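Take a look at the letters that make up each chain.
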Amino acid sequence: MSLALLCPGQGAQHAAMFERVRDLPAARDVLEIASAVLGRDVFTAAAGESRFDNALAQPLLCAATLAHWRGLREALPAPVLVAGYSIGELAAHAVAGTFNADTCLALAARRAQLMDATGPADTGLQAVLGLDRSALHALCDAHGTFVAIANGHDHFIVGGAQASLHALADAARAQGAEVRVLPVHVPAHTPLLAAAVAPFAAALDAAPLQAPRLPLLAGIDARPVRDRAATVHTLSAQLAQTIEWAQVMRQAFERGARVFLQLGPGNALARMVALSYPCCEMRAVEEFQSLEGAAAWARSALERLR
């Protein structure tokens, strides 16, 4: 029975997302690098309403994930694998040792810049719950939208133009689905961002990367990323390709993960594991009053399952 670390994507940002690590010596350099990349104090950036803007959101999420990891890594058992959701996959690579925090945050800023520059105007993402994939694909084909993330058999994120998303939402609700608009203003993980793939691959290829030192699963196909070439391919391809998160969770389970700890803000990834694998133990760091409490829970959870 082993530990898996999950790194979140956009949507869970909040004003207090750095409070647990504000005075943590181990996280100081990550917070300083993030402030330099953002061109403003990281705490001020997190507290402002613009934290949902792509250019701020992506570096902020990577910084929060890495800062929490810095505070936990000496106290946690060695993870069996790491996985990241959307921009979280970039942070997951930093956790796994593919590159350092400087490179991660610089790449996060470049990723956001390219997505903003190449994505069509008036686009976004919304969650659709209650339809299976074939039914949702039929609606996407009818309304010119795309499945961006597959979270479960009836839980998906859809991307496209706002007018098309509104039309799909009406049709999905008519079939009994629940639809939630997400605070993301680019059509991430859809063909509408195809123009961003090659320049981001070039940015990755120019960066100081190495093979991950921890097992890491790619979002586009849940396969292990074992070398530099696979890192460049999977991190760039996911900009315009569906994230198969349900497959990532299944592969983590099949590889022996039974305790899941979500780093960074929010608890959405932990909740998804709970729905799909209730036999496992899962929590998010933000559910604890301290990093010490999160580490103690992970250790005790592994003991309980042995």
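Everything here concerns the structure above.
This structure is a prediction, so every number in the text was calculated from the model and none was measured.

A. Region of the structure containing the overall build of the protein. Looking only at helices and strands, one finds 12 helices and 9 strands in the protein. Computed over its C-alpha atoms, the radius of gyration of the protein comes to 18 Å, within 12% of the 19 Å expected for a compact globule of 306 residues. Taken along the three principal axes of its C-alpha coordinates, the protein extends 50 × 45 × 35 Å. Within the protein, the fraction of its 306 residues that count as buried is 56%. A separation threshold of at least 6 residues defines the contact pool for the protein, and within that pool the share at least 24 residues apart is 74%. For the protein, the exposed surface amounts to about 11,900 Å²; the carbon and sulfur share of it is 52%. Averaged over its 24 positive side-chain charges, the protein has a centre that lies 5 Å from the centre of its 27 negative ones.

B. Molecular detail of the side chain of Glu89. Considering the arrangement of structural elements, one finds Glu89 in helix H4 (residues 88–95). No salt bridge is formed by the buried Glu89, whose closest oppositely charged neighbour, Arg111, lies at an N-O distance of 7.1 Å. A polar contact is formed between the side chain of Glu89 and the side chain of Gln238, at a distance of 3.0 Å. Residues in contact with Glu89, not counting those within four places in the same chain, are Gly84, Leu217, Ala218, Gly219, Thr234, Leu235 and Gln238.

C. Up close: the side chain of Thr103. Position of Thr103 relative to the elements: it lies in helix H5 (residues 101–118). Classification of Thr103 as buried rests on a relative accessible area of 10%. If we ignore the near neighbours within four places in the chain, the residues touching Thr103 are Ala207 and Pro208.

D. Summary view of the pattern of salt bridges. Counting across every chain of the model gives 7 salt bridges. Residue Glu244 pairs with Arg133 through a salt bridge whose shortest N-O separation is 2.9 Å. Taken together, the positions of Glu244 in the loop between helix H9 (228–237) and helix H10 (245–254) and Arg133 in helix H6 (residues 133–143) put the pair 111 residues apart, joining distant regions of the chain. The partly exposed category is assigned to Arg133, whose relative accessible area is 28%. Close ionic contact of Arg304 with Glu281 constitutes a salt bridge, the shortest N to O distance being 3.2 Å. Of this pair, Arg304 sits in helix H12 (residues 291–305) while Glu281 is found in strand E9 (residues 281–284), placing the two residues 23 residues apart along the sequence. The class of Arg304 is partly exposed, set by a relative accessible area of 47%.

Conventions and cut-offs
- Numbering of residues begins from 1 in every chain and follows the order in which that chain's sequence is written.
- In view of the model being predicted, local features appear only for residues whose pLDDT reaches at least 70, and side-chain atom pairs are presented and counted only at 80 or more, with totals across whole chains, interfaces and linings using the full set of residues.
- As a convention, hydrogens and water are excluded, and side-chain values are obtained from all of the structure's heavy atoms.
- The helix and strand labels rest on DSSP assignments: H or I over at least four residues marks a helix, E over at least two residues marks a strand, and numbering proceeds from the N terminus.
- In this setup the radius of gyration rests on C-alpha atoms only. A globule is expected at 2.2 Å times the number of residues raised to 0.38.
- The buried label goes to any residue with under 20% of its type's maximum accessible area, the exposed label to any with over 50%, and the partly exposed label to all in between, with areas taken from a 1.4 Å probe on protein chains only.
- Here, two residues are considered to be in contact whenever any of their heavy atoms come within 4.5 Å of each other.
- Here the Shrake-Rupley method, with its probe set to 1.4 Å, supplies the accessible areas, and only the displayed protein chains count as covering residues.
- Charge counting treats Lys and Arg as positive and Asp and Glu as negative, with His and both chain ends excluded.
- Every charge is mapped to an atom, namely NZ of Lys, CZ of Arg, CG of Asp or CD of Glu.
- Just to be clear on terms, a salt bridge is a Lys or Arg side-chain nitrogen sitting within 4 Å of an Asp or Glu carboxyl oxygen.
- Counted as a polar contact is a pair of N or O atoms within 3.5 Å, where, for protein atoms, one must be capable of donating a hydrogen and the other of accepting one, and residues adjacent in sequence contribute only when both atoms are in side chains.

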